[in-house]
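What follows is the residue order along each chain.
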Amino acid sequence: MSKFFRTLLQRTYLALITIPFKLMPSLAYMAFTGQGSTAQLCRHIARQGIRRVLVVSDKPLVNLGIVARAVDVLTEEGVSCTIYDGTLPDPTFAMVDDGLALQAQYNCDAVLAIGGGSSIDCAKTIASAATNGRDATKLVGYFKVKKAPLPLFALPTTSGTGSEATIAAVISDHHSHEKFFIADAKMLPDAVALDADLLLGMPAPITAATGMDALTHAIETYISLWGTDSSDAHGYAAVKMIFEYLPRAYKDGNDAVAREQMSIAAYYAGMAINDAGVGNVHAIAHQLGRHYGTPHGLANALVMPEVLRFMAKTSQQPLAKLGRLIEVATSSDSDLQAAEKFIDAVADLNKRLGVPDQLDRLKEADIPEIAIAAVKECSGYPVPILMSRDDCQAILRTLLSSPEGAAALAS
């Protein structure tokens, strides 16, 4: 199929899918921030008359005592807690089912996610499936959550996915590892706490990967065809904050100011996703996660510079604004020059954060299959320019730790 007809189909699809989004009621965000916000959120939960909470998290956070910080407050407020700690990176429908079984066993009337995007996505899906037939696979797609989920709350312990601010979850098939989207305005958490105390001491590599994940969201929403005044404002602010505070958080894991600002930046970027969606970077990153188990934030960081170079001419105006925002470009630069300087700054930020520029597990033989899946995925995103299979393969080859990768990069 020619690029013209692929683009025509994409724009037609986007026009149709935009209709329910425009009819969607305005989203109501509620966030507690600053020191002590974990306790504020827990007291808020108790004030809603909730008495039995399913806490969705993972074993490391339970062992570190992070989960107990919330559970202890809830218990003091007369709320009983059941902990599901089986969440792993890239949560599966099987994990959702395990959480649902606990929710039913203890008759939990609300769900609290404590963790990164995996725990929050798992919790969103559990809360939604609990009131909608208890089969999460039936919720895949847009606006399939017909009944209001159980009350849902979130305590993010990373600053990256923005899942605490979005209306979507990503759940994987535990056999094929294929990722599935569930999106509905009803999945937005009722309230969240952005508590920097929970982020202190986060290891530098996780800080880097999650921070670059948030930056990907901010940039992709800012250049999206679906961009609105609101999403542009949130994406723009998030880019500025991430370039300023991510290096600080990476350098000093106990920098409370940097941690707090990064948590807010990730939240802003998540809010922007609700209006503007994601793009080509995510389309490729999801396939790297599926094929090799590459952590999502790292996968985004790996491919983002080359994807942006591919999009530089088409998206030069918004990228130029970002270049001038972070002061790597000036008003005397043309938009294309400013855009290229911004892309170079993204690549340089990767280097400063120790993000590799190659993916050792990537094999030349896998590239055609990965490209097919990525091109198929991106065709449903509001990207200003679609990748062809050849475009995608060229981007992927720059990640090869082999002579082919070096040759692709040089070209």
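What you see is a predicted model; the values in this text were computed from it and never measured.

### Some remarks on the overall build of the chain
Okay, so step 1: The helix and strand inventory of the chain stands at 16 helices and nine strands.
Okay, so step 2: A globule of 411 residues ought to have a C-alpha radius of gyration of about 22 Å, and the chain, at 21 Å, matches this closely.
Okay, so step 3: C-alpha atoms of the chain, sized along the principal axes, occupy 65 × 45 × 40 Å.
Okay, so step 4: Per-residue burial over the chain gives 55% buried out of 411 residues.
Okay, so step 5: Pairs at least 24 apart in sequence give 77% of the contacts found in the chain among residues at least 6 apart.
Okay, so step 6: Charge separation in the chain, taken as the distance between the mean sites of 35 positive and 43 negative side-chain charges, equals 4 Å.

### What to know about helix α2 (residues 37-47)
Okay, so step 1: The element α2 is largely enclosed, with a buried count of eight among its 11 residues.
Okay, so step 2: Here α2 has its buried residues at S37, T38, A39, L41, C42, H44, I45 and A46.
Okay, so step 3: Following α2 by one or two positions, G49 adopts a phi angle in the positive range, close to 85°.

### A few points about the sheet that holds strand β8 (residues 179-183)
Okay, so step 1: If you trace the three strands from one edge of the open sheet to the other, you get β5-β8-β7, paired in mixed fashion. A strand with exactly one partner marks an edge of an open sheet, and here the two such strands are β5 (141-142) and β7 (168-172).

### Details of the pattern of salt bridges
Okay, so step 1: Evaluation of the coordinates by the stated rule reveals 11 salt bridges.
Okay, so step 2: Between K138 and D135 there is a salt bridge, with the nearest N and O atoms lying 3.8 Å from each other.
Okay, so step 3: Exposure remark for K138: the relative accessible area of 60% places this residue in the exposed category.
Okay, so step 4: A relative accessible area of 28% places D135 in the partly exposed class.
Okay, so step 5: Its salt-bridge partner being K341, residue D333 comes within 3.0 Å of it at the nearest N-O pair.
Okay, so step 6: For D333, a relative accessible area of 12% puts it in the buried group.
Okay, so step 7: Among the charged side chains, a salt-bridge network with shared partners connects E306, R309 and D344.

### Focus on the packing of helix α5 (residues 93-105) against helix α6 (residues 117-129)
Okay, so step 1: Closest axis-to-axis distance for the α5/α6 pair is 9 Å, and the angle between their directions is 55°. The orientation of α5 relative to α6 falls into the category oblique. With respect to the hand of their crossing, α5 and α6 are arranged in right-handed fashion. Of the residues in α6, those in contact with M95, V96, G99 and L100 of α5 are C122, T125, I126 and A129.
Okay, so step 2: Of the residues in the contact of α5 with α6, the class split is six nonpolar, two polar and no charged.

### Looking at the environment of P247
Okay, so step 1: Of note, P247 is situated in helix α8 (residues 229-251).
Okay, so step 2: Considering only alpha carbons, one finds P247 and A208, 39 residues apart in sequence, at a separation of 8.3 Å.
Okay, so step 3: The residues touching P247, leaving out its near neighbours within four places in the chain, are I242, L349, R352 and L353.

### Considerations on unusual backbone geometry
Okay, so step 1: Although it is not a glycine, D90 adopts a positive phi angle of roughly 55°.
Okay, so step 2: Along the polypeptide, D90 turns up in the loop between β3 (80-84) and α5.
Okay, so step 3: Positive phi, normally seen in glycine, also occurs at R134, with a value near 65°.
Okay, so step 4: Mapped onto the elements, R134 comes out in the loop between α6 and β5.

### Things to note about the nonpolar core
Okay, so step 1: Membership of the largest hydrophobic core comes to 102 residues, with the highest contact counts inside it found for I219, V239, I284 and L288.
Okay, so step 2: With nine residues, the top contributor of residues to this core is helix α9 (residues 256-276).
Okay, so step 3: Residues within four places of I284 in sequence aside, it is in contact with V303, V307, A374, M387, C392, I395 and L396.
Okay, so step 4: Counting 25 residues, the second-largest nonpolar core is a separate cluster that includes C42, I45, V53 and I66.

### With respect to the sheet that holds β3
Okay, so step 1: One open sheet accounts for six strands, arranged β1-β9-β6-β4-β2-β3; its pairing is parallel. Single-partner strands in this sheet number two, and they are β1 (31-33) and β3. Between one strand and the next, the sheet's axes are offset by a mean angle of 20°, whatever the strand orientation.
Okay, so step 2: Pairing geometry for strand β2 (residues 52-56) and strand β4 (residues 110-115), over four bridges, is parallel. Bridge pairing in β4 places V53 opposite A110.
Okay, so step 3: Along the sheet, α2 makes contact with β1, β2, β4, β6 (152-156) and β9 (191-194), crossing β9 at roughly 165°.
Okay, so step 4: Packing of α6 onto the sheet brings it into contact with β2, β3, β4 and β6, and relative to β4 it is tilted by some 170°.

What counts, and at which threshold
Residues numbered from 1 in each chain as written. Predicted model: local features only at pLDDT ≥ 70, side-chain atom pairs only at ≥ 80, totals over all residues. Heavy atoms only, no water. Helix = DSSP H or I, 4+ residues; strand = E, 2+ residues; numbered from the N terminus. Rg over C-alpha atoms; globule rule 2.2 N^0.38 Å. Buried < 20%, exposed > 50% of the residue type's maximum accessible area, 1.4 Å probe, protein only. Contact = heavy atoms within 4.5 Å. Lys, Arg positive; Asp, Glu negative; His and termini not counted. Charge placed at Lys NZ, Arg CZ, Asp CG, Glu CD. Pairing = 2+ DSSP bridges. Salt bridge = Lys/Arg side-chain N within 4 Å of Asp/Glu carboxyl O. Axes fitted to C-alpha atoms, helices over the stretch in contact; angles between N-to-C directions. Parallel < 35°, antiparallel > 145°, perpendicular 65-115°, else oblique. Left-handed = near helix turned anticlockwise from the far one by under 90°. Nonpolar A, V, L, I, M, F, W, Y, C, P; charged D, E, K, R; others polar. Core = buried A, V, L, I, M, F, W, Y, C linked by side-chain atoms within 4.5 Å.

So far we have only geometry, and geometry alone does not tell us how the molecule works.
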